[in-house]
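Observations on chain architecture
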Amino acid sequence: MPGAADHPKAWRVGQALVCAWLGLSAQVGAAPAGAAAAPPQPGAPCSLWNHRLPGFQSQDCAALPLKPSGARSVQGRELWMGDVGPATAPLKVLVLGAIHGDELSASSVALQWMGLAQQAPGTARWRFVPVLNPDGLLAQPPRRTNAHGVDLNRNFPTPRWEQEAPRYWVQRTRKDPRRWPGPKPLSEPESRLVQAQMEAFAPDLIVSIHAPYGVLDFDGPSEAPKHLGRLTLDPVGVFPGSLGYYGGVHKGVPVVTIELPNALRAPLPAETRQMWQDLQRWMGEHLQRR
Ligand SMILES: [Zn+2]
């Protein structure tokens, strides 16, 4: 979550600049105006994310069942998602990575979990959106907000959003541009995708991966997980327009919010696996099909 000023040198490398430029160009070239969009190429999003995500493994990514969701970001980038596990599984879980574009490790963990789900999906059908905010993630430098400058995690239609979200932004954040909730709830295509998936996929659990506060948060009707790997539960409260407030409190869908300890470094593979195993264990003990 640190801003550009916190790590100005990290992103001033030509490779990343070229990668970000190629990412935008590839999307523009993939769907020229008036022409049918080309069918997705295996591994297509992986080449966009390759130089941006820490701990990224191209071969592992290319083996994942990613497909276009049909929705696109503000700048026209495809929002990729992928399903793993039996369609008839008793539980459905939606996993979101990098709703904040500068939390790069969040996408790395989502992709690694997707690979682990392929090996052992357990009792769940998993739907992954590993890069929910590609415009922010591929920006130079990476940016928390989407291309409209909206904090997507303040853009969900929580009760009294029109009063509370702008007031919170003005009074509590002092108009922090990194936390602008947007002109109205669900004003952004990226937040609309999440809401649409909550309707179409009807998850029993949402896991949203962030960084860098190194804690675990939970909203919703179930008993909260006490820890995932080395992350321990430390509820941070609810914010107008946040996914935790919208999904967990308002809609009654448990939302696990993971704050990885570092936005730029991926956890070690053993830690990522431990979080995955702890999540599965908690699901088995506390989550019931609604
Ligand atoms: Zn975040």
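In case you missed it, the structure is sitting above this.
Note that this is a predicted model, so its numbers are computed, not measured. (Residues numbered from 1 in each chain as written. Predicted model: local features only at pLDDT ≥ 70, side-chain atom pairs only at ≥ 80, totals over all residues. Heavy atoms only, no water.)

**Thoughts on the overall build of the protein**
Test applied: The helix and strand labels rest on DSSP assignments: H or I over at least four residues marks a helix, E over at least two residues marks a strand, and numbering proceeds from the N terminus. Relative accessible area decides the class of each residue, using a 1.4 Å probe on protein chains only: under 20% of the type maximum gives buried, over 50% gives exposed, and in between gives partly exposed. What sets the accessible areas is the Shrake-Rupley method with a 1.4 Å probe; for residues, cover comes only from the shown protein chains.
On a plain count of helices and strands, the protein comes out with nine helices and nine strands. The burial tally for the protein puts 53% of its 290 residues in the buried class. With the model as given, the accessible surface of the protein reaches about 12700 Å², and the carbon-plus-sulfur share is 54%.

**So, the state of the cysteines**
Note on terminology: a disulfide is the covalent bond linking the sulfur atoms of two cysteines. Filter applied, for reference: Two cysteine sulfur atoms make up a disulfide if the distance between them is within 2.5 Å.
Across all of its chains, the model carries one disulfide by this definition. Between the sulfur atoms of Cys46 and its disulfide partner Cys61 the distance amounts to 2.0 Å. Taking the torsion about the sulfur-sulfur bond, which here is approximately -85°, the covalent link between Cys46 and Cys61 counts as left-handed. Linking Cys46 in helix H2 (residues 44-49) with Cys61 in helix H3 (residues 58-62), this pair joins segments that are 15 residues apart in sequence. You'll find Cys46 and Cys61 in the same group, each marked buried.

**Let's talk about helix H8 (residues 243-250)**
Put simply, the rule is: A contact between two residues is defined here by any heavy atoms of the two lying within 4.5 Å.
Burial within H8 is extensive, with six of its eight residues counted as buried. The complete set of buried residues in H8 reads Leu243, Gly244, Tyr245, Tyr246, Gly247 and Gly248. Where H8 is buried, its residues touch strand S3 (91-97), helix H6 (161-172), helix H7 (189-200), strand S5 (205-210), strand S6 (215-219) and strand S9 (255-259).

**A short note on the packing of H7 against H8**
Threshold: Angles shown run from 0 to 180 degrees and are taken between the N-to-C directions of axes, each axis being a line fitted to C-alpha atoms and, for helices, limited to the stretch in contact. Should an angle lie under 35 degrees it is considered roughly parallel, over 145 roughly antiparallel, and from 65 to 115 roughly perpendicular; all remaining angles are considered oblique. Should the near helix be turned counterclockwise from the far one by less than a right angle, the crossing is left-handed, whereas a clockwise turn marks it as right-handed. Side-chain classes follow a simple rule in which Ala, Val, Leu, Ile, Met, Phe, Trp, Tyr, Cys and Pro form the nonpolar group, Asp, Glu, Lys and Arg form the charged group, and the remainder, Gly included, forms the polar group.
Contact pair H7 / H8: the axes reach a minimum separation of 12 Å and the direction vectors enclose 15°. Taken together, the axes of H7 and H8 are roughly parallel relative to one another. The way H7 lies across H8 gives a crossing that is right-handed. Residues Val194, Gln195 and Met198 of H7 form the contact with H8, whose own contacting residues are Leu243, Tyr246 and Gly247. Looking at side-chain class alone, the contact of H7 with H8 contains four nonpolar, two polar and no charged residues.

**Details of the pattern of salt bridges**
Our working rule: Each reported salt bridge corresponds to a side-chain nitrogen of Lys or Arg within 4 Å of a carboxyl oxygen of Asp or Glu.
Here the structure, examined in full by the defined rule, presents eleven salt bridges. Among the salt bridges present, the one from Arg72 reaches Glu78, with a minimum N-O distance of 3.1 Å. The class of Glu78 is buried, set by a relative accessible area of 12%. Across the pair Arg281 and Asp278 runs a salt bridge, and its minimum N-O distance is 2.8 Å. Taken together, the residues span about one helical turn, with Arg281 and Asp278 both in helix H9 (residues 269-286) at a distance of three residues. Linked by salt bridges that have partners in common, Asp83, Arg125 and Arg127 make up one network.

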